[in-house]
Amino acid sequence: MMVKKELTVDRLVLVLDLVGTFVFALSGAMAAVQRRLDLFGVLVLSFAAATFGGIARDLLIGAVPPAAISNWRYLAVSLVAGIITFYWHPAINRLMNPVLIFDAAGLGLFAVAGTHKALSYGLNPVMAALLGMLTGIGGGMARDVLLTEIPVVLRAELYAVAALAGAAVVVGGNMLGLSFTMASIVGAALCFWLRFMAIRHGWQLPIARGLKQPAEETKSPYESKDDSVNIP
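Rules behind the numbers
- Residues numbered from 1 in each chain as written.
- Predicted model: local features only at pLDDT ≥ 70, side-chain atom pairs only at ≥ 80, totals over all residues.
- Heavy atoms only, no water.
- UniProt positions renumbered as here; feature names shortened; annotations may be inferred.
- Helix = DSSP H or I, 4+ residues; strand = E, 2+ residues; numbered from the N terminus.
- Axes fitted to C-alpha atoms, helices over the stretch in contact; angles between N-to-C directions.
- Parallel < 35°, antiparallel > 145°, perpendicular 65-115°, else oblique.
- Left-handed = near helix turned anticlockwise from the far one by under 90°.
- Contact = heavy atoms within 4.5 Å.
- Nonpolar A, V, L, I, M, F, W, Y, C, P; charged D, E, K, R; others polar.
- Core = buried A, V, L, I, M, F, W, Y, C linked by side-chain atoms within 4.5 Å.
- Buried < 20%, exposed > 50% of the residue type's maximum accessible area, 1.4 Å probe, protein only.
- Phe/Tyr/Trp six-rings, centres within 6.5 Å; stacked < 30°, edge-to-face > 60°.

Now for the UniProt feature "transmembrane region" (unreviewed entry) in the protein. Within this numbering scheme, the UniProt entry marks residues 12-33, 39-60, 72-89, 121-141 and 161-194 as carrying the feature "transmembrane region" (unreviewed entry). In residues 39-60, the share of helix is 100% and the share of strand is 0%. The end C-alpha atoms are 32 Å apart. Taken end to end, residues 72-89 is 100% helix and 0% strand, and its first and last C-alpha atoms sit 25 Å apart.

Helix α6 (residues 125-146) packs onto helix α2 (residues 39-61) with a crossing angle of 140° between their chain directions and a minimal axis gap of 7 Å. Considered as vectors, α2 and α6 are oriented oblique to each other. Pair α2 / α6 crosses with right-handed handedness. Contacts from Leu45, Ala48, Ala49, Phe52, Gly53, Gly54, Ala56, Arg57, Leu60 and Ile61 in α2 reach Leu131, Leu134, Thr135, Gly138, Gly139, Gly140, Ala142, Arg143 and Leu146 in α6. Split into classes, the residues belonging to the contact of α2 with α6 amount to 11 nonpolar, 6 polar and 2 charged.

This part covers the nonpolar core. Formed by 22 residues in total, the largest nonpolar core has its most connected members in Phe24, Leu107, Ile137, Tyr159 and Ala163. Of all the elements in the fold, those that place two or more residues in this core are α1 (2-34), α4 (72-93), α5 (98-120), α6, α7 (152-155), α8 (160-175) and α9 (180-201). Ignoring anything within four residues of it in the chain, the contact list for Tyr159 reads Phe24, Asp103, Leu107, Gly136, Ile137, Gly140, Arg143, Val152, Val153 and Arg195.

Evaluation of the coordinates by the stated rule reveals 5 aromatic pairs. On the basis of an interplanar angle of 15° and a centroid distance of 6.1 Å, the ring pair of Phe192 and Phe196 is categorised as stacked. One end of the pair is Phe192 and the other is Phe196, both in helix α9 and 4 residues apart, which spans about a single turn. Of the aromatic side chains, those joined through ring pairs into one cluster are Phe86, Tyr87 and Trp88.

In structure tokens, the structure reads:
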């Protein structure tokens, strides 16, 4: 019975990881399309955005080789998302600010999946939550660096805090003996809600006062110069 439960949880973690991989890959690919990268560049961005956080997490907890490299599903999912975005980006672009929405969804999914994997490797709750946060923000940071942008986690609305909140729900649920499925749903939903509300209402952590903001930094790093889409 215990073995069956562990297999079910592991399967759920894999599903969360693959769904997160897909939506983060869409985020990276859409950002690449908006920057007019070619097909190879779009696929590179989709893979980097989808897997960098998980690779960093696995290396830190000693899960080597990282799942994103050893399991063909991660590469396949990220490449499929990149190809879909490259050829059908007008359809994806009809969604509300697609890069940020996909990014918020991937953030929540990766945060909860990363936290559970860290817990399964015996890390204490605090470090597991931090690694869950790293899993969530790593791909977005890699995407922004490759596009020569200051990572959004360092300069925009609530991002890492949203991932940490979702990870904390999973940790709390684990400590209280709650169902991993329920804790994952609540954690991912909380993370997504915080990130979405931060985008919509401009929620952010305090920044140093008295400095003049450069004009080029007032625009979202994910908006195309020609066809940006704004959340109402």
